[in-house]
Amino acid sequence: MTNGSTDRDEEIVGLLLRGETSAMDRLYAVHAGYLTAVCARYITDDDTLKDVLQEAMIKIFTQIDTFRYRGQGSLRAWMSRIVVNESLQYLRHRHRQPTTLLDTEPPDLPDEDPDTEGLNGETVTRLIRQLPDGYRTVLNLYVIEGRSHKEIAQLLGIKPDSSASQLHRAKNMLAHLIKEYQRSEV
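Residues numbered from 1 in each chain as written. Predicted model: local features only at pLDDT ≥ 70, side-chain atom pairs only at ≥ 80, totals over all residues. Heavy atoms only, no water.

A. Broad picture of the overall build of the protein. A count of helical and extended segments in the protein gives eight helices and zero strands. Secondary structure elements in the protein, listed N-terminal to C-terminal, are α-α-α-α-α-α-α-α. Taking all 186 residues of the protein together, 40% fall into the buried category. In the protein, 70% of the contacts between residues at least 6 apart in sequence involve partners at least 24 apart. Summing over all exposed atoms, the protein offers an accessible surface of approximately 10,900 Å²; the carbon and sulfur share of this is 48%. (Helix = DSSP H or I, 4+ residues; strand = E, 2+ residues; numbered from the N terminus. Buried < 20%, exposed > 50% of the residue type's maximum accessible area, 1.4 Å probe, protein only. Contact = heavy atoms within 4.5 Å. Areas by Shrake-Rupley, 256 points an atom, 1.4 Å probe, with all protein chains shown as cover.)

B. Expanded view of the pattern of salt bridges. In total, this model carries five salt bridges according to the counting rule given. Measuring nitrogen to oxygen at the nearest pair gives 2.2 Å for the salt bridge that ties E145 to R41. A residue pair is termed long-range when its members are at least 10 positions apart, and E145 in the loop between α6 (133–144) and α7 (149–156) and R41 in the loop between α2 (22–40) and α3 (46–62) qualify at 104 residues. For E145, a relative accessible area of 28% puts it in the partly exposed group. Overall, the relative accessible area of 16% leaves R41 in the buried class. A salt bridge links R136 to D133; the nearest nitrogen and oxygen atoms lie 2.4 Å apart. Here the residue R136 and the residue D133 both occupy positions in helix α6, the gap between them amounting to three residues, near one helical turn. (Salt bridge = Lys/Arg side-chain N within 4 Å of Asp/Glu carboxyl O.)

C. Geometry of α6. Under the 1.5 Å per step criterion, the end-to-end length of α6 is 15 Å for 12 residues, consistent within 8% with the ideal 16 Å. Counting buried positions along α6 gives nine out of 12 residues, so the element sits mostly inside the fold. Of all the positions in α6, only D133, G134, Y135, R136, T137, V138, L139, N140 and L141 are classed as buried. Looking at the buried side of α6, the elements it contacts are α4 (74–94), α5 (121–128), α7 and α8 (160–185). (Expected span 1.5 Å × (residues − 1).)

D. Quick look at the environment of E86. Relative to the assigned elements, E86 resides in helix α4. The exposure class of E86 is buried, given its relative accessible area of 9%.

E. Seen up close, the packing of aromatic side chains. All told, the structure shown has one aromatic pair when counted by the stated rule. Each ring, one from F67 and one from W78, has its centre 5.2 Å from the other, and the planes form 50°; the classification is tilted. With F67 in the loop between α3 and α4 and W78 in helix α4, this pair connects stretches of sequence that are 11 residues apart. On the basis of relative accessible area, W78 is assigned to the buried category, the value being 11%. Residue placement shows R76 over the ring face of Y34; its charged tip is 4.1 Å from the ring centre. (Phe/Tyr/Trp six-rings, centres within 6.5 Å; stacked < 30°, edge-to-face > 60°. Lys NZ or Arg CZ within 6 Å of the ring centre and 35° of its normal.)

Put into structure tokens, the structure is as follows:
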């Protein structure tokens, strides 16, 4: 809080805790775009994305009493963790079938880091969404969420070395996709 003004998120949380149903609409209006973008980093099918996001929103609304306000941005961070966890839960459930979340056959690509210079965020996001689930999941957890390979391994039920391998493969494939995109734009 600065100059006696109440943070908007703190106000919304207070309204939710008092049972004000209009607070749900406010929370959704303020944060839906951001939370959709978080979910889209993991879930590429738009219908599934809506379903996963809806499940996350239900958890957010039903578990708001467990949230502790810790300053501006704390609500968004808490909700983002819920969205990421719901996305990972969906991917794990989907991949319990004959395939696994992690990709075992690496593409035949040279080792290189992606060069995103000159690309806007929307283009980079679209290219990341083209990665296989395992690559995309580990890349997001490591690069965007800042998780260690040990943490990723625990989240996904894999070995830390598998996480590192998937990240390496994801970077190589993303570099290849970026080069293809740049060639097509010339």
